[in-house]
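# Summary of structural features
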Amino acid sequence: MAHITPQEFVAKWRNATVTERAASQSHFNDLCDLLGHPKPLEADPHGEWFAFEKGAGKASGGEGWADVWKKGCFGWEYKGKQANLDKAYAQLLMYYGALDNPPLLIVSDIDTIRIHSHFTNTVRRTETIALDDLLRPEKLDLLRKAFTQPEAFRSHETTAQVTQEAAAQFARIAQLLRAYGNPPAEVAHFLIRLLFCLFAEDVGILPPKLFSRLVTRPKQNAAAFRDQLRQLFAAMSEGGYFGVDTILHVDGGLFNNDATLLMDSDSLQVLAEVSRLDWGAIEPAILGTLFLRGLDPSKRSQQGAHFTSKEDILLIVEPVLMAPLRRRWDEVRAEAAGLAADLALIDEEDLTDKRPAVLKSRRDRRTRLNTRLSSLLLAFRQELAAIQILDPACGSGNFLYVALRLLLDLEKEVISLEASLGGTVSFPMVSPSQLHGIEIDPYAYELAQTTIWIGYIQWLRDNGFGLPDEPILKPLEAIRQMDAILAYDGEGKPVEPEWPAADVIIGNPPFLGDKKMRAELGDRYVEDLRGLYAGRVPGGADLVTYWFEKARAQIEAGKSKRAGLLATNSIRQQGNRPVLERIKETGDIFMAWSDRPWVLDGAAVRVSFVGFDNGIDQNRSLDGLPVTAINRDLTTGGDVTGASPLAENDGICFLGMMKAGPFDIDGVTARQMLDAPVNPNGRSNSDVVRRRLGGQDVVGRPRDGWIIDFGVDLTEEEASMFEAPFEYVKKYVKPLRDVNRRARTRERWWIFGEARPGLRRALVGLHRCIVTPEVARHRVFDWMDTSMVPDHKLHVFAREDDYFIGLLQSRVHEAWSLAQCAWMGVGNDPSYSSSRTFETYPFPWPPGTEPAGDPRVEAIAEAARDLVAKRDAWLNPEGASEAELAKRTQTRLYNERPTWLRLAHERLDRAVLDAYGWPHDLTDEQILERLLALNLERAGARG
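This section reports on the structure supplied with the text. In every chain, residue numbers begin from 1 and rise along the written sequence. The model is predicted, so local features are restricted to residues of pLDDT at least 70 and side-chain atom pairs to those at 80 or more, both for listing and for counting; the totals for chains, interfaces and linings are taken over all residues. As a rule here, side-chain values come from all non-hydrogen atoms in the structure, and water together with hydrogens is ignored.

Let us look at the overall build of the protein. Starting at the N terminus, helices and strands are each numbered in turn, a helix being any DSSP run of H or I of at least four residues and a strand any DSSP run of E of at least two. A tally of helices and strands in the protein yields 34 helices and 29 strands. Counting only C-alpha atoms and orienting by the principal axes, one finds that the protein spans roughly 115 × 75 × 65 Å. The burial tally for the protein puts 53% of its 943 residues in the buried class. Within the protein, contacts between residues separated by at least 24 positions form 70% of all contacts whose residues are at least 6 apart in sequence. The classification of residues rests on relative accessible area computed with a 1.4 Å probe and restricted to protein chains. Under 20% of the type maximum is buried, over 50% is exposed, and intermediate values are partly exposed. Contacts between residues were defined by any pair of non-hydrogen atoms, one from each residue, lying within 4.5 Å.

This is how it looks when you write it as C-alpha cells:
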C-alpha cells in the first residue's frame, strides 16, 4: 500500500485544476493512501461492498448513484472546485435507499470534504474538513472514522428528544401568555406561528438565523420584538422584504395577517432558549400531540385521545394504505425491468450495419420502449398522487403525516428507478392536498395543518428535492373542524355528519367507555347519538365504535375502499362486538392486532387495531402473522363467539355477592361479634357474621376476611335482632345507601346490593363448591366451603364433585375460556364470563347426566383429586414459617409450573380428552373447532 503524507496531499491538491470526473477517483485513492486504508479496487475487486461509481452501468445509460460507496459507511459524491456542495448532497439524498441507507453522506469539491450524518431518528450532524485541516491530526482522525467507525458521527440527541424539549418549552410560553389574559385560541395561533418560524429558518425558508437573531438580540424589549414580528409576519403573508432580507411567500392561512401577542421578558427568555434547538430535526409524528398538550392541556385527554407512537401508527398505515400499493409497485417494477432488459438487448445488437433503415428501426424501437417505460412509471406515480386519505379523528395530524411520508417514500422509489434507467429526476407528485381530516378541537385542527406541512417540507429537504413552490404553505381545506359522528340540522334535530369520500380511512378515534360518555359529553349528546345510530351501534357501546360503524358504512356505500382504526380491546367484547359483526356482514377484516399494551394518561390499557374492507383483500394477518380468516372477536380458527348458550348448563355458575357498601369487617371485629352474648332472638351472630372469600384469597394466600351478611329477605326488624352486626351496618353502610340512586338498594340498606338468591338456593345441601376469580393470570379453580360468602369478583359453581372441578381445570375448558375471554388490567390477564364461557361450554355429557360409575368419569375425578391434593401440599407444607407460607401462592406456583404440576395437569387433560373421545395430541385450535361443533349440535338439537 502506497503512502502519502498530509503535507504532500495538501500540496498536490491545492493547485489541482483537473475536471471533476478526472479528479474524483484519483483524489479518493490519494485519500486512502493518506489514511492508510485500502483502495476500492484493492479491497473489493468485484465492487460488492466498496466501489467507485456505485450503480453505474445500468440499462439505458444511467449514471451511478454515488462516485464512491462503502457499504455500511458512506456514499460519496464529488463536484468540481467551488461547486455547489448542496446539490451534491441532494443527489446523495435522492439515491440514499439505492445505496443501502449508509449512515454517512459525504460530498467534496476537492478543497472541502463535508460529512453529513444520516442515522435514523437522531439529529443530523455535519462536519466540514477543509483541505488545510488535513494537516491537523484530529481532523485526519475524524476523516479516518468515516471509513472505519461511522458510529462516531451519531448524535446523542434523538429527534424525539428535540421534539419533547421544544414542546415543553412552548408549554411554558403558553402558560405565561394565558396568565396575562390572552384568549386561548389566540395564544395557540400565535405559538403555532412562532413554531413554524423556528422550523423555517432551520430548513431554509427564512434566511439563516434571522428569527433567532430577533429573539436573542441584546437588550431586546417586548414592544420592539412585537413590532418586528409584525413586519416579519406581514412579509411572510405575501412575500417581500424584512430589512435587507428577502422573505418567501409563506401564507397558507397561517400567515394571512400580521397579528401578534405581546410577550414579557420571561416568555422572550424561554423563546431565546428554545431557538437554539435544531428545529429542522423535530419529529412531526409526535410533534402535534406534544404541542397540543401545551397549547390546551385540558382538551383531548377529556375524550380519551392520547399520544400515538410512530411505530403504532405504522401498524395501521402500512397494511391498510401501503400494502396494496407495494404489491402493485412490485408488478410495475417487474414490468419496468423487462422493458429495461429489452432496451439493453437493443444496445447490444451488432452496430456494423449502418444502413439508414436499420438505424431508424433501432431508434424507433428504443423510442417505443422508452415511451412505454416512462408512461408505465408515470402512470404509477399518478396513481399514488390520486389516492385520497381520511382521518376522521385526526387530532394534530399524526396519522396523516405518516401516511403522506410513506406515499412520498414509495414515489421516490419510482423516481429513483426512472433516473437510474436514464430518465430525469422530477419533483414528487404526492402532496398534502391528498389528505382529509375531521377534528372537533380547534387547537388540534389548526395544529394538524402545520404538522402536515412541516412534515412535508422536512421530507422534501431530507430527500434532496428542496422547497415547494411559493406560496410555501397552501391552505389544507380538506382538514375540517367539525364533529365526526353527530351534528344538528337547522331545527336542532340530530343528523349524521357526512364524511368526504376517500380511498382509505385511518385513525385513532377517542376512547370513552359507556359510563364516561355521559360525564364527558353530557346526557343530551349521548341520547341523541345513540338514538341516531340505533340498530347500527349497541346502546351501551364505547364511543370509538361509532367511528367503526361510520367507516364501515362509507365502504359499503362505495365512498371508501379500506379502513384501519384503533380501539380499546373491549371492541372484542360482547357490548361492542356487534360493530365488528356488521363489518364482517358487509365486508371483512383483513388485518388486526387483537391485544396490545398502551398508556393512556399514565394508566396502562389494552388496545386493538383493526383493518377492514369490502371483503376483496384475501391477504390477512393477525398479530403480525398470516392467517386464513379473522373472526369477529379478532381471533382466528373456529369462531367460538358464534357459540350458543346451552340450557343444560343453567343453574350451575353464578357470580358472588355484590355488597354495594362496606359490609366487610376485619378479623378482630368479627371475633368480638362472634364472642358476644346470644341475641334477643336467641341466635348467635355466627348466623350473619361469615368468612368472606375474594379472588386474592384463591390466587394468593387466604386472608382473615369477614363480612356481615343478612341474607336475601330478612326484614329490618329481623336484622336488628343481631345487635352488634346490625349497628355496625347502620353506622357504616346506611349513610352511603341513603344517597343511592336505586330505590330498592336505598330502602333495603342492610341487604347486599345483589344478594344472589339463585346462588344461595343452588348451594343448599352442598358442603363445598368450586370458585374461580373473574380476572386472573392463570385460570385456577379451587374449593370453597359453602359457609363462606364469595365476593362478586368470583364465579361460583354449584357442584361439589371432583369430576366437575377436573373438567373445569382441564386444558380443554381453559382453551374455551381463553377464546371467549376479555383481557383486563395492567397485566393483561384473561377474564372468565358466566354467559360467554360457562353457559356455552359443551361438557362431555350435559351436567347431571354423567354416567355413574363410568371409568372415564372416575378417571377425571381421580386425576382432579390428585392435582388438588398436590397443589394443597405445596401451598401449605408442614412446618413452614409464616415468611415461607407468604411466598407460596397459586400465582407463583403456576408461574413456575414445576414438573410435578405439569405432569398432574397432563394426566387430567388425557382423562378429559378420553371422556370426549378425542385424540390426546389435538392442538388448541382443533379443540376449539370440536367444542364449537359440539355446542352448535346441542344447541340445534335443543331448538
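Don't stop here, the text continues.
Turning our attention to the sheet that holds strand β24 (residues 768-773). Working definition: the strands of a sheet are paired by backbone hydrogen bonds and lie parallel or antiparallel to each other. One requirement defines pairing of two strands: DSSP has to find at least two bridges between them. Read across the sheet, four strands follow the order β20-β27-β24-β25 without closing on themselves; strand pairing throughout is antiparallel. Of all the strands in the sheet, the pair left with one neighbour each is β20 (653-655) and β25 (782-785). Each strand of the sheet is rotated relative to its neighbour by a mean of 40°, with strand direction disregarded. Bridge count for β20 against strand β27 (residues 794-797) is three bridges, and the pairing is antiparallel. Paired with Leu655 across the two strands is His795, which belongs to β27. The axes are straight lines fitted to the C-alpha atoms, using for helices just the contacting stretch, and the angles between their N-to-C directions are given from 0 to 180°.

Here we take up the sheet that holds strand β23 (residues 706-708). On the basis of which strands lie adjacent, the open sheet formed by four strands has the order β21-β23-β22-β26 and mixed pairing. Each edge of the sheet is formed by a strand with only one pairing partner; in this case those strands are β21 (664-665) and β26 (789-790). Where β21 meets β23, two bridges bridge the pair, whose relative direction is antiparallel. Counterpart to Ile665 in the pairing with β23 is Trp706.

What follows deals with the side chain of Thr112. Along the polypeptide, Thr112 turns up in strand β5 (residues 112-117). Residue Thr112 is classed as buried on the basis of its relative accessible area, which comes to 17%. Excluding residues within four positions of it along the chain, Thr112 makes contact with Leu85, Val107, Thr128, Ile129 and Ala130.

Salt bridges are defined by distance alone: a side-chain nitrogen of Lys or Arg within 4 Å of a carboxyl oxygen of Asp or Glu. Summed over all chains, the structure comprises 67 salt bridges. Measuring nitrogen to oxygen at the nearest pair gives 3.9 Å for the salt bridge that ties Arg144 to Asp141. Residue Arg144 and its partner Asp141 are both found in helix α5 (residues 137-148); the two are separated by three residues, about one turn of the helix. Exposure remark for Arg144: the relative accessible area of 29% places this residue in the partly exposed category. On the accessibility criterion, Asp141 (32% relative accessible area) is partly exposed.

Using a probe with the size of a water molecule, rolled over the atoms, empty space left in the structure can be pinpointed. Of the two site types, the cavity is a set of points on a 1 Å grid over the protein atoms alone where a 1.4 Å probe fits but cannot get out, and the pocket is an open set with protein on both sides within 12 Å along at least five of seven lines, each lined by residues with an atom within 4 Å of a point. Grid points are joined across faces, edges and corners, and a volume is the space filled by probe spheres set on the points. According to the stated counting rule, one finds two cavities of 30 Å³ or more in the structure shown. In this structure, the largest cavity is lined by 12 residues; those nearest its centre are Arg572, Gln573, Gln820, Cys821 and Ala822. Side-chain classes follow a simple rule in which Ala, Val, Leu, Ile, Met, Phe, Trp, Tyr, Cys and Pro form the nonpolar group, Asp, Glu, Lys and Arg form the charged group, and the remainder, Gly included, forms the polar group. Partitioning the lining of the largest cavity into residue classes produces four nonpolar, four polar and four charged. A volume near 30 Å³ is recorded for the second largest cavity. Around the second largest cavity, the lining residues are Phe781, Ile805, Gly806, Gln809, Ala864, Leu867, Val868 and Arg871. Residue assignment for the lining of the second largest cavity shows that the elements contributing at least two residues are α27 (802-808) and α30 (855-875). Here the lining of the second largest cavity gets four residues from one element, more than from any other, and that element is α30. Its residues assigned to classes, the lining of the second largest cavity shows five nonpolar, two polar and one charged.

Keep in mind these numbers describe shape, not what the thing actually does.
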